[in-house]
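Breakdown of the fold
Here are the chains, one letter per residue:
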Amino acid sequence: MRKTLLVFCVSLFMLLGVAVTPAFAAVDVRLYPSSGYAVLTKDFAVDIMLNTDGNNTTTARAVIRFDPNKLQVTKAEHGDLYCQYPEDEYAVDNENGWIKITGFCLDPYYNSESSSGIFARFTFRPSVEGAVNLNFEFDGTDGEWKSYVKDTGSPPENILESRPQGGTYSVVSSIPSSTTDDSEKLPGVGLFENKFFFLGLGLCFLGVSILIVDFIVGKIKESKIKSSSRVVTV
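This structure is a prediction, so every number in the text was calculated from the model and none was measured.

1. Some points on the overall build of the chain
Each helix and strand in the chain was counted, giving two helices and 11 strands. For the chain, the N- to C-terminal ordering of α and β elements is α-β-β-β-β-β-β-β-β-β-β-β-α. Burial status across the chain gives 33% buried among its 234 residues. Put simply, of all contacts in the chain between residues at least 6 apart along the chain, 78% involve residues at least 24 apart. Total accessible area computed for the chain in this model is approximately 13,900 Å², and 56% of it derives from carbon and sulfur atoms.

2. Comments concerning the sheet that holds strand β1 (residues 28-32)
Overall, antiparallel pairing links the four strands, which are arranged β1-β3-β8-β5 in an open sheet. In this open sheet, the two edge strands, each paired with only one partner strand, are β1 and β5 (71-78). For this sheet, the mean inter-axis angle between neighbouring strands, taken without regard to orientation, is 20°. Here β5 runs beside strand β8 (residues 117-126); their pairing, made up of seven bridges, is antiparallel. Paired with Glu77 across the strands is Arg121, a residue of β8.

3. Quick notes on the nonpolar core
Grouped together as the largest cluster of nonpolar side chains are 34 residues, with contacts concentrated most on Ile48, Leu50, Tyr82, Phe119, Phe124 and Leu134. If you list the elements that add at least two residues to this core, you get β1, β3 (44-51), β4 (59-65), β5, β7 (98-104), β8, β9 (130-136) and β11 (167-172).

4. Digging into the environment of Leu81
When you line up the elements, Leu81 lands in the loop between β5 and β6 (91-93). Along the backbone, Leu81 and Leu50 are 31 residues apart, and their C-alpha atoms lie at a distance of 9.1 Å. Residue contacts for Leu81: discarding those within four places in its chain leaves Leu50, Tyr110, Gly117, Ile118 and Phe119.

5. Observations concerning the packing of aromatic side chains
Enumeration over the complete set of coordinates arrives at eight aromatic pairs. Note on Trp98 and Trp145: the rings are 5.1 Å apart at their centroids and 65° apart in plane angle, and the pair reads as edge-to-face. Pair noted here: Trp98 is in strand β7 and Trp145 is in the loop between β9 and β10 (148-150), with a separation of 47 residues, a long-range link. Given the relative accessible area of 19%, Trp98 is considered buried. On the basis of relative accessible area, Trp145 is assigned to the partly exposed category, the value being 34%. Here the aromatic cluster, defined as three or more aromatic residues joined through ring pairs, consists of Phe44, Phe66, Phe124 and Tyr169.

6. What about unusual backbone geometry?
For the bond running from Asp107 to Pro108, omega is 0°, close enough to zero to count as cis. Assignment of secondary structure puts Pro108 in the loop between β7 and β8. Going from Ser154 to Pro155, the amide bond is cis rather than trans, its omega being 0°. Within the secondary structure, Pro155 sits in the loop between β10 and β11.

7. Here we look at the pattern of salt bridges
This model, assessed by the stated rule, comprises eight salt bridges. Asp47 is the salt-bridge partner of Arg121, the closest N and O atoms lying 2.6 Å from each other. With a gap of 74 residues between them, Arg121 in strand β8 and Asp47 in strand β3 connect regions that are remote in the sequence. Judged by relative accessible area, which is 24%, Arg121 ranks as partly exposed. Here Lys100 ties to Glu144 by a salt bridge, and the two come within 3.7 Å at their closest N and O atoms. Of this pair, Lys100 sits in strand β7 while Glu144 sits in the loop between β9 and β10, and the two are 44 residues apart along the sequence.

Procedures and definitions
- Residues numbered from 1 in each chain as written.
- Predicted model: local features only at pLDDT ≥ 70, side-chain atom pairs only at ≥ 80, totals over all residues.
- Heavy atoms only, no water.
- Helix = DSSP H or I, 4+ residues; strand = E, 2+ residues; numbered from the N terminus.
- Buried < 20%, exposed > 50% of the residue type's maximum accessible area, 1.4 Å probe, protein only.
- Contact = heavy atoms within 4.5 Å.
- Areas by Shrake-Rupley, 256 points an atom, 1.4 Å probe, with all protein chains shown as cover.
- Pairing = 2+ DSSP bridges.
- Axes fitted to C-alpha atoms, helices over the stretch in contact; angles between N-to-C directions.
- Core = buried A, V, L, I, M, F, W, Y, C linked by side-chain atoms within 4.5 Å.
- Phe/Tyr/Trp six-rings, centres within 6.5 Å; stacked < 30°, edge-to-face > 60°.
- Salt bridge = Lys/Arg side-chain N within 4 Å of Asp/Glu carboxyl O.

Structural data, given as structure tokens:
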């Protein structure tokens, strides 16, 4: 019984570790969330997530295009991944539909290890109903208006190998009451919710509790048996 519960807990943690750890094969930049509903004239926020996949980096730049006839940026915030977010390399153009933000750091270099961090957060206000898109500008180069992530080489080179994942959002006058799918919820902000991890942790806590109770009961039974063995019948 004890061995079975122990094996179960260990196996569950291993499986959950695989489930909650993002499996990125290379440097990854993407929008979070990448889809959902937005309410007409109501602000919604989108994060730019960065995962350097264990690489030390000196610079990261995100350039996003949007339709200014459908969206307007109402707020722009950078994260704290890099030492500097230079003002002369930052731009929000609500007239032409451009966003550019750059992070830079030489001491120390930025390395996210294997997790994702919030590089920046932008808040939008939709002005028309229908689908709206946020797309990264990318061509594999380190052009002024292109997205890239640079390593620590001399000179630093772009290590962002593919176009970052953008986002598509459905602007509606009200959220459909039949919405149940996670991909159809209002766009939100933040990192991965570790609900599966905490569920597994709870199950393992329960398993450990059962092991402890089983151990205590076993000791009590063992003590009673020893006590009985000391009784001498005349």
